[in-house]
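Structural features, examined
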Amino acid sequence: MDADSDEQDAVLLFVGGPLDGRVEVRAARHGAPLPTVTHVHLHGGPKVVSRYDLQPLPGAAGVYHLRPRAGGPSAATPADGGPAD
């Protein structure tokens, strides 16, 4: 993020995975957005962990893209390492 973005709330968009389409506003008082966000899904089955990497945009904005899983098409993986279903 830009140095002057510390004074502005950051608008963040999530792309891919379970958070796809989510828009989050991070208050400036919390500092710059984190470079990586981890989302853990605990409902209706095995625990699924998804990681998102930040791509900063001009101004106080950024896009979190779903991190591809090593050896697979998505970052969504059960915590026990077994199959997702």
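The structure under discussion appears in the preceding block.
What you see is a predicted model, and the numbers here were worked out from it, not measured in a lab.

1. Here we look at the nonpolar core
- Listed in full, the eight residues of the largest apolar core are A10, L12, F14, L19, V37, Y52, L54 and Y64.
- At the level of elements, β1 (10-15) and β4 (48-57) are the ones that each hand at least two residues to this core.
- Among the elements that line this core, the one with the most residues is β1, at three residues.

2. Details of the pattern of salt bridges
- This structure, assessed with the given rule, holds one salt bridge.
- D53 serves as the salt-bridge partner of R67, at 2.7 Å between the closest nitrogen and oxygen. Note that R67 is positioned in the loop between β5 (61-66) and β6 (77-78) and D53 in strand β4, a separation of 14 residues in sequence.
- According to the relative accessible area criterion, R67 is partly exposed, its value standing at 30%.
- With a relative accessible area of 26%, D53 lands in the partly exposed category.

3. What to know about the packing of aromatic side chains
- With the rule as written, the count across this model stands at two aromatic pairs.
- Judged by centre distance (5.4 Å) and plane angle (85°), the ring pair of F14 and Y52 falls under edge-to-face. You can see F14 sitting in strand β1 and its partner Y52 sitting in strand β4, a full 38 residues away along the chain.
- Taking relative accessible area as the criterion, F14 reaches 3% and is therefore assigned buried.
- Residue Y52 is classed as buried on the basis of its relative accessible area, which comes to 0%.
- Both rings, one in F14 and one in Y64, keep their centres 5.0 Å apart while their planes meet at 15°; by these two values the pair is stacked.

4. Comments concerning the pairing of β5
- Examined bridge by bridge, β1 and β5 share five bridges and lie parallel to one another. Looking at β5, one finds that F14 is bridged to Y64.
- In this sheet, β5 lies alongside β4 in antiparallel orientation, the contact comprising six bridges. The residue bridging L57 from the neighbouring strand is A61, located in β5.
- Count of turn residues in the β4/β5 antiparallel hairpin: three residues, of which G59 carries a positive phi of about 80°.

The rules we used
- Residues numbered from 1 in each chain as written.
- Predicted model: local features only at pLDDT ≥ 70, side-chain atom pairs only at ≥ 80, totals over all residues.
- Heavy atoms only, no water.
- Core = buried A, V, L, I, M, F, W, Y, C linked by side-chain atoms within 4.5 Å.
- Buried < 20%, exposed > 50% of the residue type's maximum accessible area, 1.4 Å probe, protein only.
- Helix = DSSP H or I, 4+ residues; strand = E, 2+ residues; numbered from the N terminus.
- Salt bridge = Lys/Arg side-chain N within 4 Å of Asp/Glu carboxyl O.
- Phe/Tyr/Trp six-rings, centres within 6.5 Å; stacked < 30°, edge-to-face > 60°.
- Pairing = 2+ DSSP bridges.

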